[in-house]
Number of protein chains: 2
Amino acid sequence: MQPADAVETIQREMTVFARRARAAAGRMHPELSLVSYTLLGHLEESGGCRATDLAAHYALDKSTVSRQVTALERAGLIERRPHAQDQRVQVLHLTEAGRRILARVTESRRAAFRERLADWPAEDLSRFAAYLVRYNAGPGSGRYDHGRGT
Amino acid sequence: MQPADAVETIQREMTVFARRARAAAGRMHPELSLVSYTLLGHLEESGGCRATDLAAHYALDKSTVSRQVTALERAGLIERRPHAQDQRVQVLHLTEAGRRILARVTESRRAAFRERLADWPAEDLSRFAAYLVRYNAGPGSGRYDHGRGT
DNA sequence: CCTCCATGGTTGCATAGGCCAACGACCTGT
DNA sequence: ACAGGTCGTTGGCCTATGCAACCATGGAGG
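What you are looking at is a predicted structure, and each value in this text was computed from that prediction instead of being measured.

Scoring rules and cut-offs
Residues numbered from 1 in each chain as written. Chains lettered and ligands numbered in written order. Predicted model: local features only at pLDDT ≥ 70, side-chain atom pairs only at ≥ 80, totals over all residues. Heavy atoms only, no water. pLDDT = per-residue confidence, 0-100. Helix = DSSP H or I, 4+ residues; strand = E, 2+ residues; numbered from the N terminus. Contact = heavy atoms within 4.5 Å. Near = heavy atom within 4 Å. Polar contact = N/O pair within 3.5 Å; in protein donor to acceptor, adjacent residues only side chain to side chain. Nonpolar A, V, L, I, M, F, W, Y, C, P; charged D, E, K, R; others polar. Salt bridge = Lys/Arg side-chain N within 4 Å of Asp/Glu carboxyl O. Buried < 20%, exposed > 50% of the residue type's maximum accessible area, 1.4 Å probe, protein only.

1. Brief notes about the confidence of the model for chain A
Residues and elements named next belong to chain A.
Part 1: Scored by pLDDT, chain A comes out at a mean of 85, with 90% of its residues at no less than 70.
Part 2: Between the elements of chain A, mean pLDDT differs from a low of 79, seen in helix 1 (residues 3–28), to a high of 97, seen in strand 2 (residues 90–94).
Part 3: Note on residues 142–150: pLDDT under 50 across the span, and 11 contacts to partners over four residues away in sequence or across chains.

Here is the structure:
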């Protein structure tokens with residue numbers, strides 16, 4: 001496959017995936033939307049972060065994140081902690097309930113993916129995962145988050 | 001990387017991509033949303049199909065597709081043609097304007113991706129593309145897509 | 001031909017997710 | 001102290017979607 005075609009294929013297939021993922025998430029866990037799930041996941045992964053970080057990472061408006069956070073807090077899945085040095089900042093953390101639900105949903109999602117990817121060789125799986133990570137971390141991703149530069 | 005971790009990474013990274021793609025699409029071509037773009041793309045690729053086919057392929061509700069189609073038609077990008085054997089069916093086709101816009105947007109998207117993927121070896125690109133195709137075409141996707149299959 | 005049910009699409013209604021702009025609170029450098 | 005930037009909230013508004021009800025058409029049985 002020529003690089004140009006590969007590139008086009010990549011964007012198209014990613015899009016198809018994105019579209020289906022949303023619908024599938026709704027069917028799998030009506031309790032936790034794909035958005036909420038990803039936010040919780042990021043919190044777990046990062047071990048607590050600011051709303052602004054979430055916004056930057058997912059290229060969302062801060063107001064959007066603010067509302068999502070409010071909803072998640074109201075649902076008891078996350079909690080806000082003050083930042084020691086900066087009172088403007090709220091450090092978001094998973095609560096026990098949040099961790100539990102996240103784990104449950106992650107498990108069911110993982111099962112679905114695993115089934116879907118059942119006949120893939122382990123090597124292909126890890127290579128695929130690596131490509132995705134590389135893509136998302138790649139040059140240009142800086143354009144989406146505003147000077148959070150690690 | 002263990003398969004289970006790879007699987008989890010895949011879903012997470014795909015989601016990040018999906019989220020950013022939407023925002024990026026808005027910046028790149030405000031005239032054609034990501035949804036519209038993908039629908040037009042599918043029409044071009046399939047050489048005309050029914051609204052139901054689009055709904056099935058993207059796991060969207062038929063009402064959603066119906067509205068999108070209405071908007072795209074009003075914008076003059078697609079047209080509905082009667083089906084010879086079945087009057088219920090509208091076969092959707094790109095108009096010249098639709099084809100033109102689709103080509104323009106595809107080109108700008110491709111340029112962005114190309115820049116993003118500039119330093120990837122051609123082999124990795126095609127392998128990445130192949131993985132995505134394989135994933136989307138995998139068992140289970142048959143539920144969504146009726147025999148457009150290669 | 002008429003009836004019953006399936007299929008393709010549309011429309012009403014409700015919800016979620018997003019963006020932008022304005023604002024209040026708080027930090028920082030001068 | 002003041003100016004300018006950052007973090008998060010809110011209000012206003014729009015788009016995308018799903019579900020359910022509904023209309024028109026097509027098909028299979030009587």
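From this point on, the discussion continues.
2. Considerations on the protein's contact with DNA strand D
Part 1: Within the structure, DNA strand D sits among 25 residues, and R50, T52, S66, R67 and R80 of chain A are positioned closest to it.
Part 2: When the atoms of DNA strand D within 4 Å of the protein are sorted by group, sugar and phosphate make up 56%.
Part 3: At 2.9 Å from a phosphate oxygen of DNA strand D is found a side-chain nitrogen or oxygen belonging to R19 of chain A.
Part 4: In the model, a base nitrogen of DNA strand D is placed 2.7 Å from a nitrogen or oxygen of the S63 of chain B side chain.
Part 5: Elements with a contribution of two residues or more to the surface near DNA strand D: helix 3 (51–58) and helix 4 (62–74) of chain A together with helix 4 (62–74) of chain B.
Part 6: Of the residues that constitute the surface near DNA strand D, the class distribution is 5 nonpolar, 9 polar and 11 charged.

3. Some details on the pattern of salt bridges
Part 1: With the rule as written, the count across this model stands at 20 salt bridges over all chains.
Part 2: Measuring nitrogen to oxygen at the nearest pair gives 3.4 Å for the salt bridge that ties E107 of chain A to R114 of chain A.
Part 3: Its relative accessible area of 40% is what places R114 of chain A among the partly exposed residues.
Part 4: The shortest N-O distance in the salt bridge between R99 of chain B and E96 of chain B comes to 3.4 Å. Linking R99 of chain B with E96 of chain B, this pair stays in helix 5 (residues 96–116), spanning 3 residues, or about one helical turn.
Part 5: R99 of chain B gets classed as partly exposed once you look at its relative accessible area, which sits at 36%.

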